Amino acid sequence: MDITGRKLFVRALLEEGVDTIFGYPGGMVTDIMDELYKQEDIRLVLPRHEQALIHEAEGYAKSTGKVGVCLVTSGPGATNTITGLADAHYDNIPLVCFTGQVPLNLIGNDAFQEVDIVGMTRSITKYGVTVRNRKDLGKIIKMAFHIARTGKPGPVLIDLPKDIQIETGDSRYPETVSIRGYKPNEGVHVGQLKKAYKLLKSAQKPLILAGGGILISKAEEELLKLVEKMRIPVVTTVMGKGSIPTNHPYYIGNSGMHGKYAANIAVSECDVLFSIGTRFNDRITGDLNEFAPNAKIVHIDIDTAAISRNVVVDVPIVADAKLSLEKLNEWAEPKNTKHWLAEIAAWNKDNPLEMRRDKGMTPQMIMEGINAEFDSCIITTDVGQHQMWATQYLDFGGEKKFITSGGLGTMGFGFPAAIGAKIANPDKAVVCITGDGGFQMNMQEMATAVTENAPVIICLLNNQYLGMVRQMQQLFYGKRYEATCLRRRITCPANCKGKNETCPPYLPDFMQFAKTYGAHGIRVEKEEEITAALREAKTYTDAPTIIEFIISSDELVLPMVQGGNPMSNMILK
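These numbers were taken from a predicted model, which means no experiment stands behind them. Numbers given to residues run from 1 along each chain, matching the order in which its sequence is written. Restriction of local features to residues with pLDDT of at least 70 applies here, the model being predicted, together with a cutoff of 80 or more for giving and counting side-chain atom pairs; totals for whole chains, interfaces and linings are based on all residues. Water and hydrogen atoms play no part in the side-chain values, which are based on all heavy atoms of the structure.

With respect to a negative patch on the surface
A residue counts toward a patch only above 30% relative accessible area and without a salt bridge, and it is joined to like-charged neighbours within 9 Å or, for Val, Leu, Ile, Met, Phe, Trp and Tyr, to nonpolar neighbours within 5 Å. All accessibility values rest on the Shrake-Rupley procedure with a 1.4 Å probe; residue burial counts only the protein chains present in the view. Within this document, salt bridges are pairs made up of a side-chain nitrogen of Lys or Arg and a carboxyl oxygen of Asp or Glu, the two lying within 4 Å of each other. By the counting scheme adopted, Arg and Lys are positive, Glu and Asp are negative, and His together with the chain ends is not counted. Where a charge sits is defined by one atom per residue type, namely NZ (Lys), CZ (Arg), CG (Asp) or CD (Glu). A cluster of like negative charges, contributed by E525, E527, E528 and E529, occupies part of the molecular surface. For the purposes of this entry, the term helix denotes a DSSP run of H or I that reaches at least four residues, the term strand denotes a run of E that reaches at least two, and both are numbered from the N terminus. Mapped onto the fold, E529 is located in the loop between strand 19 (520-524) and helix 23 (530-539).

Quick notes on the sheet that holds strand 7 (residues 155-161)
Here a strand pair is declared whenever DSSP counts at least two bridges between the two strands. Pairing in this open sheet of 6 strands is parallel, and the strands run 3-2-4-5-7-6 from one edge to the other. Edge strands, defined here as strands with exactly one partner in the open sheet, are strand 3 (43-45) and strand 6 (127-130). Within this sheet the neighbouring strands show an average axis-to-axis angle of 20°, counted without direction. Relative to strand 5 (residues 95-101), strand 4 (residues 68-72) runs parallel, the two sharing 5 bridges. Lines fitted to C-alpha atoms define the axes, with helix axes restricted to the stretch in contact, and inter-axis angles between N-to-C directions lie between 0 and 180 degrees.

Re the pairing of strand 14 (residues 315-318)
Each residue's exposure class comes from its accessible area (1.4 Å probe, protein chains only) as a fraction of the maximum for that residue type: buried when under 20%, exposed when over 50%, partly exposed otherwise. Judged by which residues are buried, strand 14 turns out to be one-sided: V315 and I317 face inward and are buried, whereas P316 and V318, on the alternate face, are not. Across 4 bridges, strand 13 (residues 296-301) lies against strand 14 in parallel orientation. By the bridge assignment, V298 is partnered in strand 14 with V315.

Side note on the side chain of Q39
On the secondary structure map, Q39 appears in the loop between helix 2 (30-37) and strand 3. For Q39, a relative accessible area of 16% puts it in the buried group. Pairs of N or O atoms are called polar contacts if they sit within 3.5 Å, as long as, within protein, a hydrogen donor faces a hydrogen acceptor (for residues adjacent in sequence, only side-chain-to-side-chain pairs). A distance of 2.8 Å separates a polar atom in the side chain of Q39 from the backbone oxygen of L36.

Points about the nonpolar core
Buried residues of nine kinds, namely Ala, Val, Leu, Ile, Met, Phe, Trp, Tyr and Cys, make up a nonpolar core once their side-chain atoms join them within 4.5 Å. Judged by nonpolar contacts, the single largest core of 47 residues is most densely connected at F415, F439, M446, I458 and I546. Counting 35 residues, the second largest nonpolar core, distinct from the first, contains I3, V10, V129 and I179.

Focus on the environment of A519
Residue placement: A519 occurs in the loop between helix 22 (510-516) and strand 19. On the basis of relative accessibility, which here comes to 11%, the residue A519 falls in the buried class. In this analysis, two residues are considered to be in contact whenever any of their non-hydrogen atoms come within 4.5 Å of each other. Setting aside its immediate chain neighbours within four residues, A519 contacts M446, A514, A543 and P544.

Some remarks on helix 9 (residues 190-202)
Taking 1.5 Å as the rise per residue, helix 9 with 13 residues should run 18 Å; its terminal C-alpha atoms sit 18 Å apart, in good agreement. Where the residues of helix 9 are buried, they touch strand 9 (206-210), helix 11 (220-230), strand 12 (272-276), strand 13, strand 14 and helix 14 (321-331). What a helix should span is 1.5 Å times the count of its residues minus one.

Brief notes about the pairing of strand 6
The side chains of a regular strand alternate, residue by residue, between the two faces of the sheet. Here strand 6 runs beside strand 7; their pairing, made up of 4 bridges, is parallel. Counterpart to G128 in the pairing with strand 7 is L157. Handedness of the crossover is the feature at issue here: the chain leaves strand 6, passes through helix 7 (residues 137-149), returns alongside strand 7, and the resulting connection is right-handed. For crossovers, right-handed means that the path from the first strand over the helix to the second runs clockwise, given strands pointing away from the viewer.

Points about the side chain of S171
Structurally, S171 can be placed in the loop between strand 8 (168-169) and helix 9. A polar contact is formed between the side chain of S171 and the backbone oxygen of M1, at a distance of 3.0 Å. In contact with S171, not counting residues within four places along its chain, are M1, I3, L8 and R11.

Here we look at the pattern of salt bridges
Applying the stated criterion across every chain, the model contains 27 salt bridges. For K162, the salt bridge goes to D31, with nearest N and O atoms at 2.6 Å. Here D31 lies in helix 2 and K162 lies in helix 8 (residues 162-166), a separation of 131 residues in the sequence. On the basis of relative accessible area, K162 is assigned to the partly exposed category, the value being 23%. By relative accessible area, D31 is classed as buried at 15%.

Comments concerning unusual backbone geometry
Geometrically, the link from L507 to P508 is a cis peptide bond, its omega value of 0° lying close to zero. With a phi angle near 55°, F280 is a residue other than glycine that sits in the positive phi range. By the secondary structure assignment, F280 is in the loop between strand 12 and helix 13 (282-285). One non-glycine residue with positive phi stands out, namely Q464, at about 65°.

What to know about the packing of aromatic side chains
For Phe, Tyr and Trp, where Trp contributes only its six-membered ring, two rings pair if their centres lie within 6.5 Å, and the inter-plane angle classes them as stacked under 30 degrees, edge-to-face over 60, or tilted in between. On inspection of all chains with the given rule, the structure shows 12 aromatic pairs. An angle of 70° between the planes, with centres 6.0 Å apart, marks the rings of F439 and F510 as edge-to-face. With a gap of 71 residues between them, F439 in helix 19 (residues 436-439) and F510 in helix 22 connect regions that are remote in the sequence. Looking at F439, the relative accessible area reads 1%, which means it is buried. Of the residues examined, F510 reaches a relative accessible area of 0% and is grouped as buried. The rings of F415, F439, Y506, F510, F513 and Y517 are connected pair by pair, giving a single aromatic cluster. Between the NZ or CZ atom of R470 and the centre of the ring of Y481, over which it lies, the distance is 4.3 Å. Cation placement over rings: the criterion is NZ of Lys or CZ of Arg within 6 Å of the ring centroid and within 35° of the ring normal.

Okay, here's the thing in structure tokens:
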């Protein structure tokens, strides 16, 4: 029996196990929306902006390991998803984004709300296609989900012209799909892996660099087993945070631009750097000529294109992180790394990761409060100083998961990602750590959180500035705070050097904002108020809670490596 394209669309989602779709209506998806209305097995979440919509789908996908699904209309609906698609592309998040499109006979005629969204997003999607024949619809949707979730996960975009949605055709949805030219690597080259293990076994100063690929492949247990068997210290990238428990004795900390002193020095001094699931981007390497200068480098990554792209490595291995670690654990034998671990401990003692405690409430105190009050939870962050403080001072591992925007560094990510994670995990605490700048980029999603009964806890660090850029202006640009003060008005002096008694009041009042949406608001200005505020927020299960932490605008994320410098050249004070 033939059915319409829109009926096959819903059938396909059900066959793929989709239980939630983040969608925003418009002229070119009204038929699909009407079909979704007729069923009860797929929850349709209505955000308040398409960019937030795709970040919510990212939060859903990251917190569940399932494919996140989006639906938007043509034109501006589609273009508003581009930032989220790029974010998912850089952080390897499995998404399938369906965009409405004008009828086939109007494509290319500059019709109302017509854009070439497939062409626009070709470089930031694993696969993108406009469906031009109704008979291909089922196969294309099947391909989309297969490509999004396999190999190196990522976003896929399917553009659906309106006439394809209403045209009748075959009702069958394929059970499997074979895609010519798309064969993700499912094995491990044992010979290359043995070379890598031989280096690791003979190393005097071995170091594991764990990236986000560990978490994507769910290889945390295998990594921990290898580390404990061979007694090898570990550093992580920002995206790899939580791949090994942060309280583990062999875990040093994050490496990179805002990495821990001991972690960065360990990378510079190691003789074998065993890296798994990382792209070696500039935030990790700094000056490429000075990156791990004494080390033989092993690189395990599922993406062939990532190997030796930024850092030329000695032993390349194209493989899934989990499969590789499972094989390594078959061979692993204990090593004597006592002197190497002691050397690292000495560096950590000389330059510990610690903020002053004699000048009022600091971000470290806030993160420590969150550590004490939340054991099993999902924590999302926005992008900026608060994100780095979270990666420096929060504890992760086990039942505590971390979701952030790493590769693209997208402000406005944290709050909608938290909503998506909460929708996917209604029985789990979800905490969003954000700044006053990033929160305002998608603060309209408070309506989504309230209407979808997603009582996330928003820890908003308010320093009244776009803090990360302000930090660079303070350190490298003579304190010329151009376009970073969020209190600034047109009446302010042109050459303002920072906060003073003549500053106008800050806008908005986040407590009044929360009240307007029917949410809860708590303002915290002193260290002794942190615990009580977090405990109070946990009691509010009817709506989100904003905890506004008033922090000094002078707080800096340290250590810091200026762009292009060696990672051993850190600003510490």
